[in-house]
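Breakdown of the fold
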Amino acid sequence: MKKKLILSFLVVFSLILSACSSNSSSTGGKEESKGKLDIFSWWTGAGEEDGLKALIALFEEKYPDIPIENAAVAGGAGTNAKAVLASRMQGNDPPATFQVHGGSELNDSWVAADKMENLNELYKEEGWNDKFPKELIDLVSKDGNIYSVPVNIHRSNVLWYNKKIFDENGLKAPTTFTEFFYVADALKAKGITPLALGDKEPWTATHLFETILLGVLGPEDYKKLWTGDIALDDVKVMEAAEVFKKMLTYVNEDHSSRNWQDASQLVGNGEAAMNVMGDWAKGYFVNDLKLAVNEDFGYVPTPETAGDFMVITDTFGLPKGLKNGDDVKKFLGVLGSVEGQDAFNPLKGSIPARIDSDVSKYDQYGKDTIEDFKTANLTPSLAHGSAAPEGFVTKVNQAVNIFVTQGDVKQFVGSLKSAGSELK
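Now for a quick tour of the structure. (Residues numbered from 1 in each chain as written. Predicted model: local features only at pLDDT ≥ 70, side-chain atom pairs only at ≥ 80, totals over all residues. Heavy atoms only, no water.)

Now for the sheet that holds strand β12 (residues 308–312). Here we have 3 strands laid out as an open sheet, ordered β7-β12-β14, and mixed in their pairing. Every other strand in the sheet has two partners, leaving β7 (154–155) and β14 (377–380) as the edge strands with one partner each. Pairing geometry for β7 and β12, over 2 bridges, is antiparallel. Bridge pairing links His154 to Ile312 in β12. Set on the sheet, helix α15 (residues 364–375) makes contact with β7, β12 and β14; between it and β12 the angle comes to about 105°. (Pairing = 2+ DSSP bridges. Helix = DSSP H or I, 4+ residues; strand = E, 2+ residues; numbered from the N terminus. Contact = heavy atoms within 4.5 Å. Axes fitted to C-alpha atoms, helices over the stretch in contact; angles between N-to-C directions.)

Tracing the backbone shows Glu201 in the loop between β9 (193–196) and α9 (203–225). Linking Glu201 and Thr79, residues 122 residues apart in sequence, is a C-alpha distance of 7.9 Å. When near neighbours in sequence (up to four residues on either side) are disregarded, Glu201 contacts Gly75, Gly76 and Thr79. At 3.3 Å, the side chain of Glu201 and the side chain of Thr79 are in polar contact. (Polar contact = N/O pair within 3.5 Å; in protein donor to acceptor, adjacent residues only side chain to side chain.)

Let us look at the environment of Asn157. Structurally, Asn157 is set in the loop between β7 and β8 (158–162). The exposure class assigned to Asn157 is buried, which follows from its relative accessible area of 0%. Put simply, Asn157 and Glu210 are 53 residues apart on the chain and 8.5 Å apart in space, counted from C-alpha to C-alpha. Not counting residues up to four positions away in its chain, the partners in contact with Asn157 are Thr211, Leu214, Val300, Pro301, Thr302, Thr305, Asp308, Phe309 and Met310. (Buried < 20%, exposed > 50% of the residue type's maximum accessible area, 1.4 Å probe, protein only.)

Pasting the structure below:
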């Protein structure tokens, strides 16, 4: 009898606790901690790390009771982070949210694998459907559902140059391939390395090649390469490969032992004249090397791409299966806000994804790029996962890596064609 009374008491007590817990939750009482928000990215370099820290600081200011952790993994373009992420996702241990490029990298991998929650309601609640350009929302959508929040817009097709070198040699920044080779020959004759490259990680050489493809084919035909409407061994692709081969004869001899920051540093220090890189390089020039825009370095679109804008957008979404999904949505809310974007992008070197951000917070490069974006022909990036599936990009990186060493155009284009099976 005594045991029954004790058992009854325990049952009633547990029901009371359950009711209290329920009431606390429904009336806004403090809920039990569901773990840290681990923000997974590859932003560990100057500029990008500064931007991420500013974003996290803003979140901590708004939500001091939600623990947050910078879980960045070093490696340019996510070379290491993507491998770690794949392991975690396959092991059903997703981070709270993670950096992923809009386009194929998001949609053909994690969305297709049913690993992401759609964010349709969050976009409605935050009023974002008319605050991001439609083209960007399309990049983070699949089958009518939205799956991530863009924090920025990067331009891939930028040629950076050392202004002192150009001024001292009476040269103008090249806007065509003919002008590029004229300038490169003039610099080489003076004993100056014309073009800095750091392809220790192969994506940087692919990055250079994709800008040449865009310049040779134009934006519409460039996009048709990734849909199969133009063959990967087309005569124009062959022409682009020839231009690429010639351009590689002007790079620094130690390119294979350098990364993208090292290549940018050669330009910043005056050891090389030019570098082709996305505008995260501007964040590196300004934040790490302490250089001034339009004083120490200048910028133009890569040859033959004036009026074109190769878009890379870093985005964050909500993985399925999280216990702290509501907290993640709060972080995404900060990330997609005007305040969040204007805290992050001036440091990162990118421009805001929102159309209503405060332009006065951006330097001249930012202002120029914001204006260019409004009217430019937009194209996705191959090197950064927006244009084509990861399997194809991996094979292209391998083919480019061999080409940089061997310079066999026919073999290179043949490898591109073989890799095209990944596009189907």
